[in-house]
Amino acid sequence: CKRGSVPEVISDGINGYSANSLQELIAGTEKIPQIDRARCREYAERRFNVNVIAEHYLNLFNKSRI
């Protein structure tokens, strides 16, 4: 489902598949072997490493102080 944090975390075909129904979810599990593990890891390291997450939190904190 493309609600909540799914669009922020899942990039279809890179690190998983989002779905809007049970049938789409099942179809997504069948496509998992197509995901390139190196590309998935690079995506995760680029988007979710500790420095990136800390910077996002600091930006949110600084915006809330204004």
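Rules behind the numbers
- Residues numbered from 1 in each chain as written.
- Predicted model: local features only at pLDDT ≥ 70, side-chain atom pairs only at ≥ 80, totals over all residues.
- Heavy atoms only, no water.
- Helix = DSSP H or I, 4+ residues; strand = E, 2+ residues; numbered from the N terminus.
- Buried < 20%, exposed > 50% of the residue type's maximum accessible area, 1.4 Å probe, protein only.
- Contact = heavy atoms within 4.5 Å.
- Areas by Shrake-Rupley, 256 points an atom, 1.4 Å probe, with all protein chains shown as cover.
- Lys, Arg positive; Asp, Glu negative; His and termini not counted.
- Charge placed at Lys NZ, Arg CZ, Asp CG, Glu CD.
- Phe/Tyr/Trp six-rings, centres within 6.5 Å; stacked < 30°, edge-to-face > 60°.
- Patch = residues over 30% accessible without salt bridge, like charges linked within 9 Å, V, L, I, M, F, W, Y side chains within 5 Å.
- Salt bridge = Lys/Arg side-chain N within 4 Å of Asp/Glu carboxyl O.
- pLDDT = per-residue confidence, 0-100.

A. Seen up close, the overall build of the protein chain. What the protein chain contains, in helices and strands, is four helices and zero strands. When the helices and strands of the protein chain are placed in sequence order, the string is α-α-α-α. Put simply, the protein chain has 66 residues, and 12% of those count as buried. Put simply, of all contacts in the protein chain between residues at least 6 apart along the chain, 31% involve residues at least 24 apart. In the form shown here, the protein chain has an accessible surface area of approximately 5,600 Å², with 56% of it arising from carbon and sulfur atoms. Each charge class in the protein chain can be summarised by its mean position, and for the 10 positive and 8 negative side chains these summaries are 5 Å apart.

B. Seen up close, the environment of glutamine 23. Here glutamine 23 shows up in helix α2 (residues 22–31). The spacing of glutamine 23 and glutamate 55 is 32 residues in sequence and 38 Å in space, taken between C-alpha atoms.

C. How the structure looks around the packing of aromatic side chains. Inspection of the entire model under this criterion finds one aromatic pair. Each ring, one from tyrosine 43 and one from phenylalanine 48, has its centre 6.3 Å from the other, and the planes form 70°; the classification is edge-to-face. The exposure class assigned to tyrosine 43 is buried, which follows from its relative accessible area of 7%.

D. Region of the structure containing a nonpolar patch on the surface. A cluster of nonpolar side chains, contributed by Leu22, Leu25 and Ile26, occupies part of the molecular surface with about 290 Å² of accessible area. Among the secondary structure elements, leucine 25 is positioned in helix α2. Here leucine 25 falls in the partly exposed class, since its relative accessible area comes to 46%.

E. Broad picture of the pattern of salt bridges. A complete count under the given rule lists two salt bridges for this structure. Note that arginine 41 is salt-bridged to glutamate 45, the shortest N-O span being 2.8 Å. One end of the pair, arginine 41, and the other, glutamate 45, are both in helix α3 (residues 37–48), four residues apart, so they sit about a helical turn from each other. When the shortest N-O distance is used, the salt bridge between arginine 46 and glutamate 42 registers 2.8 Å. Here arginine 46 and its partner glutamate 42 are both found in helix α3, four residues apart, which amounts to about one turn of the helix.

F. Quick look at the confidence of the model for the protein chain. On average, the protein chain scores 91 in pLDDT, and the residues at 70 or more come to 95%. Highest mean pLDDT in the protein chain belongs to α3 (95); lowest belongs to helix α1 (residues 6–9) (86).

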